[in-house]
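Spelled out from the first residue to the last, the chains are:
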Amino acid sequence: MDAVESAPMRDGDRLGDWVALVDSLYPESDAADGDPTGLQVGDPQDRVTGVLVCLDVTEDILSDASAAGADLVIAHHPLLFRPLARLVPETAAARLTLRAARAGIAILAAHTNLDVAIGGTSDPIAEILDLRDVRPLTPRPLSSSARVKLATFVPAEDTPAVLAALAEAGAGVIGEYDHCSFRVAGTGAFRPSGEADPSVGERGTINEVAEQRVEVVVPQSSIAAAVGALIEAHPYEEVAYDVYPLVEVGADSRKGLGRVGDLAEPLRLAEIADRLAHGLPSPGLRVAGDLDAMARRVAACGGAGDSLIPAAVASGADVYVTGDLRHHPTLDALTMGMAMIDAGHYATEAPAMRAFAEALTRAAGARGLGARLLASARPTDPWSGYRAPGRP
């Protein structure tokens with residue numbers, strides 16, 4: 001384990017202080033919706049005297065924490081990805097959770113909120129390759145706090161009932177105000193078919209109706225309920241509506257999943273693989289593509305990144321570096337003209353843990369937190385390179 005300089009110990013470090021510190025640097029609101037970030041084991045009122053930063057929570061990591069006197073483990077990968085029905089050692093997650101709780105070791109996770117951060121898990125790959133003009137491969141995922149705008153068109157006399165239903169479904173809240181909406185009068189035109197059952201107008205005729213365009217903001221997590229309420233309250237057989245994503249003004253455009261940038265000069269795919277093999281703690285790379293092909297633009301995503309292959313293709317990348325690549329998505333990427341390098345899940349994320357620990361140490365010192373912080377040097381990669389005896 002590597003010690004990272006921390007402030008002198010003060011009486012009163014609490015687990016809740018460290019939860020707040022991590023959230024200040026890597027807000028849980030930046031995480032993908034449903035991602036289990038934050039405090040997973042522990043009482044916010046418990047005292048913290050030592051902190052261990054690591055990629056994964058394993059049996060060995062918990063042993064290291066106990067030996068080092070660390071009563072808080074801050075991990076990138078959450079220990080609890082799914083709720084536990086009972087706390088008995090029948091699953092790996094339950095076994096580790098039970099052991100941590102018995103040992104008085106709290107577990108705190110910073111997962112996709114660390115992935116999207118400036119200096120997040122994909123940045124070391126860009127640094128190893130000395131990429132220029134580096135930017136996120138995709139914007140940070142929308143969280144449940146993100147909002148959209150719902151617009152619809154309602155006969156004027158039915159507008160109050162529709163707005164009441166939308167408000168009941170959680171639409172139209174802005175800060176400390178609810179039932180917020182905007183309306184503008186206009187004319188709706190439509191021609192019902194012979195099979196339609198219009199509430200107003202005649203079949204086979206172009207009808208014009210005095211309508212109001214109604215706009216409300218809706219939490220991203222409530223849009224399905226709001227649309228359902230709209231359709232239920234609206235008098236029309238077919239309800240016209242639009243949903244618009246809203247841009248968060250002031251959001252840092254440098255935050256996002258993955259990275260993409262340009263090499264200082266074009267390199268062969270084999271040369272890129274060589275740099276990664278020397279710069280990452282990987283037991284071996286898997287490379288898909290022509291090793292002699294020249295590349296200029298490289299996309300990367302620490303961890304399991306094959307879900308971002310379409311974004312990598314759209315970015316114009318010649319090569320995509322990530323881990324946990326599957327067979328068919330890799331074949332699809334090659335068909336689209338993009339080479340692939342699988343450097344492993346662990347190897348593409350572990351290098352970011354040192355910077356993660358250093359950022360936490362600086363912030364802890366600024367806040368007067370004095371628990372000793374260690375960055376784990378224990379590898380948690382379950383894979384190792386292997387060649388059968390006598391094979392070249």
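Anything mentioned here points back to the structure above.
Just so it is clear, the structure is predicted and the values come from calculations on it, not from any experiment.

Q: Looking at this structure, how should I read the overall build of the protein chain?
A: When its secondary structure is counted, the protein chain shows 12 helices and 16 strands. A principal-axis box enclosing the C-alpha atoms of the protein chain has dimensions of 80 × 60 × 40 Å. Across the protein chain, every contact between residues at least 6 apart in sequence was considered, and the portion connecting residues at least 24 apart equals 74%. Carbon and sulfur atoms make up 51% of the accessible area of the protein chain, which totals about 19900 Å². Charged side chains of the protein chain number 33 positive and 54 negative; the gap between the two group centres comes to 6 Å.

Q: Would you explain the environment of Ala357 in this entry?
A: Position of Ala357 relative to the elements: it lies in helix α12 (residues 352–367). Taking relative accessible area as the criterion, Ala357 reaches 0% and is therefore assigned buried. Along the backbone, Ala357 and Val51 are 306 residues apart, and their C-alpha atoms lie at a distance of 9.7 Å.

Q: What exactly am I supposed to notice about the packing of aromatic side chains here?
A: Two aromatic rings are characterised by how far apart their centres lie and by the angle between their planes. Counted by the stated rule, this structure contains 2 aromatic pairs. Relative to Phe356, the ring of Tyr26 has its centre 5.3 Å away and its plane inclined at 75°; by these criteria the two rings are edge-to-face. Of this pair, Tyr26 sits in the loop between α1 (15–25) and β2 (38–41) while Phe356 sits in helix α12, and the two are 330 residues apart along the sequence. Across the pair, Phe356 and Tyr26 agree in class, each one buried.

Q: Would you take a moment to explain the sheet that holds strand β12 (residues 286–288) for this structure?
A: Sheet strands pair via backbone hydrogen bonds, and the direction of the pair is either parallel or antiparallel. Taken in spatial order, the 6 strands of this open sheet run β6-β11-β13-β14-β15-β12, and their pairing is mixed. For this open sheet the edge positions go to β6 (132–139) and β12, each flanked by a neighbour on one side alone. Strand after strand, the sheet turns through a mean of 25° between neighbouring axes, direction not considered. As paired elements, strand β11 (residues 256–268) and strand β13 (residues 294–304) share 6 bridges and run antiparallel to each other. Opposite Arg268, over in β13, you have Met294 as the bridge partner. Taken strand by strand, helix α8 (residues 269–279) contacts β11, β12, β13, β14 (319–323) and β15 (339–342), and its axis lies near 120° from that of β11.

Q: Would you explain the nonpolar core in this entry?
A: General note: in soluble globular proteins, nonpolar side chains tend to be found buried as a group. If you look at the biggest cluster of nonpolar residues, it comprises 30 residues, and the most contacted ones within it are Trp18, Val51, Leu72, Ile74, Phe356 and Leu360. With residues up to four places along the chain from it excluded, the contact list for Trp18 reads Asp13, Val48, Val51, Leu72, Ile74, Leu108, Ala364, Leu369, Ala371 and Leu373. By size, the runner-up hydrophobic cluster in this structure holds 20 residues, among which are Leu129, Leu131, Leu280 and Ala339.

Q: Explanation requested: the pattern of salt bridges in the structure shown.
A: Charged atoms that come close allow side chains of opposite charge to pair. Enumeration over the complete set of coordinates arrives at 15 salt bridges. Salt-bridge contacts for Arg378 lead to Asp64; the nearest nitrogen and oxygen are separated by 2.6 Å. One end of the pair, Arg378, is in the segment after β16 (372–375); the other, Asp64, is in helix α2 (residues 59–68), with 314 residues separating them in the sequence. Where Asp123 meets Arg259, a salt bridge forms, and the shortest distance between an N and an O atom there is 3.1 Å.

Q: What should I look at first to understand unusual backbone geometry in this one?
A: The phi angle of most residues is negative, glycine excepted, and most peptide bonds adopt the trans form. One non-glycine residue, His179, adopts positive backbone phi at about 55°. Along the chain, His179 turns up in the loop between α6 (159–168) and β8 (182–190). Residue His179 is classed as exposed on the basis of its relative accessible area, which comes to 58%. Of note, Asp324 is a non-glycine position whose phi angle comes to about 55°, a positive value. The topology assignment puts Asp324 in the loop between β14 and α10 (327–335). Accessibility expressed as a relative area gives 39% for Asp324, which makes it partly exposed.

Q: What should I look at first to understand the sheet that holds β8 in this one?
A: Taken together, 4 strands build an open sheet; the order of strands is β8-β9-β7-β10 and the sheet is antiparallel. Only two strands of the sheet have a single partner each, and these edge strands are β8 and β10 (241–245). In this sheet, neighbouring strand axes are inclined to one another by 25° on average, regardless of whether the strands run parallel or antiparallel. For strand β7 (residues 147–155) and β10, the ladder comprises 5 bridges, and the chain directions are antiparallel. The residue bridging Thr152 from the neighbouring strand is Tyr241, located in β10. In the packing of α6 onto the sheet, contacts are made with β7, β8 and β9 (207–219), and the angle to β9 comes to roughly 20°. Docked against the sheet, helix α7 (residues 223–233) engages β7, β9 and β10, running at close to 5° with respect to β7.

Rules behind the numbers
- Within any chain, residue numbers begin from 1 and follow the written order of that chain's sequence.
- Local features in this predicted model are restricted to residues whose pLDDT is 70 or higher, and side-chain atom pairs enter the listing and the counts only when it is 80 or higher, whereas totals over whole chains, interfaces and linings include all residues.
- The side-chain values count all of the structure's non-hydrogen atoms but skip hydrogen atoms and water molecules.
- Helix numbers and strand numbers start at the N terminus; a helix is a DSSP run of H or I with at least 4 residues, a strand a run of E with at least 2.
- Should any heavy atoms of two residues lie within 4.5 Å, those residues are counted as being in contact.
- Using a 1.4 Å probe, accessible areas were evaluated by the Shrake-Rupley method; residue-level cover was limited to the displayed protein chains.
- We treat Lys and Arg as the positive residues and Asp and Glu as the negative residues; His and chain ends play no part in the count.
- By convention, charge coordinates are those of NZ in Lys, CZ in Arg, CG in Asp, or CD in Glu.
- Accessibility here uses a 1.4 Å probe with only protein chains present; expressed as a share of the type maximum, an area under 20% marks a residue as buried, one over 50% as exposed, and anything in between as partly exposed.
- Ring geometry is summarised as follows: Phe, Tyr and Trp rings, the Trp one being its six-membered ring, pair when their centres sit within 6.5 Å, and such pairs are stacked at plane angles under 30 degrees, edge-to-face over 60 and tilted between the two.
- If DSSP finds at least two bridges between two strands, the strands pair.
- Comment: axis = line fitted to C-alpha atoms, over the contacting stretch for helices; angle = value between 0 and 180 degrees taken between N-to-C directions.
- The set of buried Ala, Val, Leu, Ile, Met, Phe, Trp, Tyr and Cys residues whose side-chain atoms join them within 4.5 Å is what this entry labels a nonpolar core.
- Here, a salt bridge means any Lys or Arg side-chain nitrogen found within 4 Å of an Asp or Glu carboxyl oxygen.

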